[in-house]
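Here's the letter readout for the chains.
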Amino acid sequence: MSDSPRHGDLVGPVTVGPVAHGGHCVARLDGRVIFVRHALPGEVVHVRLTDVSKPRLWRGDAVEVLVASPERVTPRCPIAGPGLCGGCDWQHATLPTQRELKRSVVAEQLSRLAGMEWSGAVEAVDGPVPEGYGWRTRMRYLADRGRVGMRAHRSHDLVELPDSGCAISASLAPLPPDDFIGEIAVAGSGSDVSVIAEGDLVVGPAIRTERAAGRTYEVAADGFWQVHPEAADTLVAAVLDGVAPRAGERGLDLYCGVGLFAGALADRGVTVHGVESWAPAIDLARTNVREAAFTASRVDRYLPRHRGSVDIVVLDPPRTGAGADVVNHIVRLEPRVVAYVACDPAALARDLATFAQSGYEPTSIRAFDLFPQTHHVECVAVVQPRASA
């Protein structure tokens, strides 16, 4: 193998090793690590290099499978493949295999970053989409003069959609004017959608109505709401099971969005204060959960100012996690229980390690397959003070 590889070079054959966080598997060639997409552990493949910018770590796509895994299947979507759409990482694997890959990633991240052993499973959440397609109720597309598509992996290049549309979307992609160039966001399912083109609402309501955990929530069409139709109910149930709220307790809902968890806690008799940095979401939260109080603020700025006791903390931070500063402020409030909702297992593991340094340890960690065909996985960790702390 040449010491000066180039983008697009074909290398191999290589034997594919274990899955890694990010939708790829690890292979090795002449002492170099290659992160390989579109492969499965144990397969023998040829790899087309897509990134050789680091001397000891390359990236590539499996473009020829010489020895296939018995768990390999043909992707339903014609653009779910090497060099194409970057959205679906695992369409070439059966759903049980996808969940096992995600389980391995969660366990590895918790072990490596938090020193915690986890033997749980990634739980299936099927609802109306048992085959893992047609579930995503919020989408973002690129459009370029009549062409509509998705971004290629690690790229801004447009990969045009097939006539059947995106296989995991709950709605069809809109058809923008022939001269339109930019991003299009779609919220909703079927024909009941809102469409936002480069920030301008062009179809449907600006405020959408969602129902979860026995409540109705108003959500901005361009705001945050879980994208799987069963996600909100699933996560609320996991949080409530974990924190076992008692009437009269005091709770904090951090990164609260439009008040999903605040509403669930309020229905159990908890006095709740929600905190969210995006002011429009707080305006909606005040309408959605009139029993609770809400503050528009960054969480890391709010917590040092918080006064009073707290029994329950629920936090659903962005993909980067809460961070040590927020975790340490939560610990200083001495809640009896914390429920941490995480969309990134690495961020969760880092924050759980910080909790552990202050005497809080997980009593349960559950993982849910709310993003079939992709590498993403949602976790709910319940954290309490160690008995000896």
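Above: the structure in question.
These remarks concern the structure in this document. What you see is a predicted model, and the numbers here were worked out from it, not measured in a lab.

Points about helix α1 (residues 95-114)
Now for step 1: Between the first and last C-alpha of α1 there are 28 Å, a value that for 20 residues agrees with the 28 Å anticipated at 1.5 Å per step.
Now for step 2: All buried positions along α1 are accounted for by L95, T97, Q98, R99, L101, K102, V105, V106, A107, Q109, L110 and A114.

Focus on the pattern of salt bridges
Now for step 1: The final tally for this structure, using the stated rule, is 21 salt bridges.
Now for step 2: In this structure, R103 and E100 form a salt bridge, with 2.9 Å as the shortest nitrogen-oxygen distance. Taken as a pair, R103 and E100 lie in helix α1 at a separation of three residues, close to a single helical turn.
Now for step 3: Residue classification places E100 among the partly exposed positions, given a relative accessible area of 38%.
Now for step 4: Between R140 and E183 there is a salt bridge, and its shortest N-O distance comes to 2.9 Å. One end of the pair, R140, is in strand β7 (residues 138-144); the other, E183, is in strand β10 (residues 181-189), with 43 residues separating them in the sequence.
Now for step 5: Given the relative accessible area of 48%, R140 is considered partly exposed.
Now for step 6: By relative accessible area, which is 24% here, E183 ends up partly exposed.
Now for step 7: Where salt bridges share partners, they join R99, K102 and D369 into one cluster.

Notes on the pairing of strand β5 (residues 57-67)
Now for step 1: For strand β3 (residues 32-37) and β5, the ladder comprises five bridges, and the chain directions are parallel. Looking across to β5, one finds that V36 is bridged to G60.
Now for step 2: The pairing of strand β4 (residues 44-54) with β5 spans eight bridges and is classified as antiparallel. Looking at the pairing, D51 lines up with R59 of β5.
Now for step 3: Hairpin connection from β4 to β5: two residues lie between these consecutive antiparallel strands.

Some remarks on the sheet that holds strand β11 (residues 192-197)
Strand pairing in a sheet takes place through backbone hydrogen bonds and is either antiparallel or parallel in direction.
Now for step 1: Spatially, the six strands line up as an open sheet ordered β9-β8-β7-β10-β11-β12, and their pairing is antiparallel. Edge positions in the sheet fall to β9 (158-160) and β12 (200-203), since each has one partner strand and no second. Averaged over neighbouring strand pairs, the angle between their axes works out to 40° when direction is ignored.
Now for step 2: The pairing of β11 with β12 spans three bridges and is classified as antiparallel.

Details of unusual backbone geometry
Residues other than glycine predominantly adopt negative phi, and peptide bonds predominantly adopt the trans conformation.
Now for step 1: Of the consecutive residues G12 and P13, the connecting peptide bond is found in the cis state with omega at 10°.
Now for step 2: In this fold, P13 is placed in strand β1 (residues 10-20).
Now for step 3: With phi around 65°, H38 is a residue other than glycine that occupies positive phi space.
Now for step 4: Note on placement: H38 falls in the loop between β3 and β4.
Now for step 5: The class of H38 is buried, set by a relative accessible area of 8%.
Now for step 6: Its identity is not glycine, yet E334 carries a phi of approximately 55°, on the positive side.
Now for step 7: Tracing the backbone through its elements, the reader meets E334 in the loop between α6 (324-332) and β19 (337-342).
Now for step 8: On the basis of relative accessible area, E334 is assigned to the exposed category, the value being 65%.

Here's the deal with the environment of G23
Now for step 1: Note on placement: G23 falls in the loop between β1 and β2 (24-29).
Now for step 2: On the accessibility criterion, G23 (1% relative accessible area) is buried.
Now for step 3: When the C-alpha positions of G23 and F35 are compared, they lie 9.1 Å apart, and in sequence the two are twelve residues distant.
Now for step 4: Contacts of G23, omitting those with residues within four sequence positions, involve R37, D89, W90 and H375.

Re the environment of Q373
Now for step 1: Looking at where Q373 falls in the secondary structure, it is placed in the loop between β20 (360-369) and β21 (378-385).
Now for step 2: Excluding residues within four positions of it along the chain, Q373 makes contact with C88, D89, W90, Q91, L95, Q98, E131, G132, Y133 and I168.

Criteria and thresholds
- Residues numbered from 1 in each chain as written.
- Predicted model: local features only at pLDDT ≥ 70, side-chain atom pairs only at ≥ 80, totals over all residues.
- Heavy atoms only, no water.
- Helix = DSSP H or I, 4+ residues; strand = E, 2+ residues; numbered from the N terminus.
- Expected span 1.5 Å × (residues − 1).
- Buried < 20%, exposed > 50% of the residue type's maximum accessible area, 1.4 Å probe, protein only.
- Salt bridge = Lys/Arg side-chain N within 4 Å of Asp/Glu carboxyl O.
- Pairing = 2+ DSSP bridges.
- Axes fitted to C-alpha atoms, helices over the stretch in contact; angles between N-to-C directions.
- Contact = heavy atoms within 4.5 Å.

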